[in-house]
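Now for the letters of each chain:
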Amino acid sequence: MTATPELPIVDVDEIRRVTEDYYARGWTDGLPVMPVTESVVAEFLARTSRDPDEVLLAMPHLNRECTVRLAAINAAMAGCLPEYFPVVLAAWSALQLEGYVPRAIWQSTTGTATILLVNGPVREHIGLNSRSNVFGSGFRANATIGRAIRLTAINAFGLRPGELDQGTQGNPAKYSACIAENEDESPWAPFHVEHGFDAQTSTVTAMTMRSVVHIEARHTTVPEQLALDLADTIRRTGALIHETISACLALGPEHAALFARAGWSKAGLRRFIYDHAVNSRETLVAVGKDAVSGKTRWRLSSAHSEAVPDSAANADTVNVLGSEQAIQIIVAGAHNAGVSAVIETFGPRGGPPAIAPIESS
């Protein structure tokens, strides 16, 4: 039996006092946060060449903004190590590129949140998880980088539940959602390389997500069968919020390999999904989503006072995706079962994803 290691002497009462003070000030996400001092913040700021007062993202409608210094404070509170901070900063750059956050998406009743995808060598350098339990707990870098974004939303922008955050139900990503792509077990080019970055460049992609839907398909070796499962999950009527929607397919390594062995490229898979993510007009009528609002283009019943015909009004079937580019494809998870996921993202996307390079520190 090994001897019990001698524990360091700490002032537990002082730690508890500071923790409770942070709770009382409304600075937490409901979980304890790390106490932060000026010397700690300085360690984070030393990891970037950016000015501490530089504005990373602003919400003009709230007259509030996030600076590099505020991002550093909240990253430290979230439990990040200083070496994670360049990833956090790149995440803010990606959010600025995506454009939804300044337009109040984090305040929406839809309860959306941000999911971050990290690519490149930084994954190994800081221990980001891309494999087993990739959407779950157990990895400090994943948990605290995603949490840093949420704490900043609370403390820089005041987005507290029931106040400026009006999410009806929200989703677990409002605590934290940061994953790495499993590039080593992907049969295709990494996500950032697919979109024009060098393989040795580390990047962060920001996506606004509504949910992660599990796909259980251990039974088939036929690519068309698996692709139909994916398309059926994307086209579900409960996901139809806009005239068209978007999604990110997070393929487990087995499913990615199945497609690749059959000669399917990402482009081929996107094309198949687009062609088959279709609902009949009758199905849309049954759930009251056969028209769109003339003001917002959100789906509603043709009996609604704001209703106008959707863009496929004269067709018996309706594509739920606006284009093939509304589907992103990544590889994530462990090589141990035929499991994938559909990340339901927000909005009728079709342009390039919001990818930002990570500053070398």
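Located above this text is the structure these notes cover.
A quick note: this is a predicted structure, and the numbers were derived from the prediction, not measured. Numbers given to residues run from 1 along each chain, matching the order in which its sequence is written. Residue-level local features of this predicted model are given only where pLDDT is at least 70; pairs of side-chain atoms are given and counted only at 80 or more, and the full residue set underlies all totals for whole chains, interfaces and linings. Only heavy atoms go into the side-chain values, all of them from the structure, while hydrogens and water stay out.

## Section: the overall build of the chain
Per the secondary structure count, the chain includes 11 helices and 14 strands. Relative to its length of 361 residues, the chain is compact, with a C-alpha radius of gyration of 22 Å against a globular reference of 21 Å. Dimensions of the chain along its principal axes, counting C-alpha atoms only, are 70 × 50 × 40 Å. Three labels apply to residues, based on accessible area from a 1.4 Å probe with only protein chains included: buried if under 20% of the type maximum, exposed if over 50%, partly exposed otherwise in between. When burial is assessed residue by residue, the chain has 52% of its 361 residues classed as buried. Contacts in the chain between residues far apart in sequence, at least 24 positions, make up 79% of those at least 6 positions apart. For the chain, the exposed surface amounts to about 16,500 Å²; the carbon and sulfur share of it is 53%. A residue counts as positive if it is Lys or Arg and as negative if it is Asp or Glu; His and the chain ends are not included. In plain terms, the charge of a residue is placed at NZ if it is Lys, CZ if Arg, CG if Asp and CD if Glu. One way to put it: in the chain the 29 positive side-chain charges average out to a point 4 Å from where the 39 negative ones average out. Strands here mean DSSP runs of E at least two residues long; helices mean DSSP runs of H or I at least four residues long; both are numbered from the N terminus. Radius of gyration: C-alpha atoms only; globule rule: 2.2 Å multiplied by the number of residues to the exponent 0.38. Pairs of residues are marked as contacts when any of their non-hydrogen atoms sit within 4.5 Å. Using a 1.4 Å probe, the Shrake-Rupley method yields the accessible areas, and only the shown protein chains count as cover for residues.

## Re the side chain of arginine 147
Relative to the helices and strands, arginine 147 resides in helix α6 (residues 140-155). We classify arginine 147 as buried; its relative accessible area is 10%. Filtering out sequence-adjacent residues up to four positions away, arginine 147 remains in contact with Asp29, Leu31, Pro32, Val33, Met77, Ala78, Tyr175 and Ser176.

## Description of the side chain of aspartate 29
For aspartate 29, the position within the fold is in the loop between α1 (12-24) and α2 (38-45). Pairing of N or O atoms within 3.5 Å defines a polar contact, subject to two protein rules: one partner must be a possible hydrogen donor and the other a possible acceptor, and residues neighboring in sequence count only if both atoms are side-chain atoms. Here the side chain of aspartate 29 touches leucine 31 through a polar contact of 3.1 Å, landing on its backbone nitrogen. Within the structure, aspartate 29 has its side chain in polar contact with the side chain of arginine 147 (distance 2.7 Å). Not counting residues up to four positions away in its chain, the partners in contact with aspartate 29 are Arg147, Leu151, Ile154 and Tyr175.

## Points about unusual backbone geometry
Apart from glycine, the bulk of residues carry a negative phi angle, and the bulk of peptide bonds sit in the trans form. Even without being glycine, asparagine 63 reaches a positive phi, approximately 55 degrees. Here asparagine 63 shows up in the loop between β1 (55-59) and β2 (64-67). Residue asparagine 63 is classed as exposed on the basis of its relative accessible area of 72%. For arginine 297, which is not a glycine, the phi torsion comes out positive at approximately 65 degrees. If you trace the backbone, arginine 297 turns up in the loop between β8 (291-293) and β9 (299-300). For arginine 297, a relative accessible area of 33% corresponds to the partly exposed category.

## Remarks on the environment of isoleucine 126
Along the chain, isoleucine 126 falls in helix α5 (residues 122-126). For the pair isoleucine 126 and leucine 251, spaced 125 residues apart in the sequence, the C-alpha separation amounts to 23 Å. Beyond its immediate stretch of four places on either side in the chain, isoleucine 126 contacts Glu83, Tyr84, Val87, Ala141 and Ile145.

## Re the packing of aromatic side chains
Pairing of aromatic rings covers Phe, Tyr and Trp, the last counted by its six-membered ring, and requires centre-to-centre distances within 6.5 Å; plane angles under 30 degrees mean stacked, over 60 mean edge-to-face, and any other angle means tilted. Under the defined criterion, the tally for this structure stands at 7 aromatic pairs. Relative to phenylalanine 346, the ring of tyrosine 100 has its centre 5.4 Å away and its plane inclined at 80 degrees; by these criteria the two rings are edge-to-face. Remark: phenylalanine 346 occurs in the loop between β13 (339-345) and β14 (354-357) and tyrosine 100 occurs in the loop between α4 (85-98) and β3 (113-119); sequence separation between them is 246 residues. Residue tyrosine 100 is classed as buried on the basis of its relative accessible area, which comes to 13%. Look at phenylalanine 346 and you get buried, because its relative accessible area is 7%. Positioned above the aromatic ring of tryptophan 106, the side-chain terminus of arginine 150 is 5.4 Å from the ring centre. By definition here, charges over rings are those cases where NZ of Lys or CZ of Arg is within 6 Å of the ring centre and within 35 degrees of the ring normal.

## Brief notes about the state of the cysteines
Working definition: a disulfide is two cysteine sulfur atoms within 2.5 Å of each other. Scanning the entire structure with this criterion turns up 0 disulfides. No disulfide involves cysteine 66; its sulfur sits 13 Å from that of cysteine 80, the nearest cysteine. Of all cysteine sulfurs in the structure, the one in cysteine 178 sits closest to cysteine 248, which takes part in no disulfide; the separation is 14 Å.

That is the geometry; function is a separate question.
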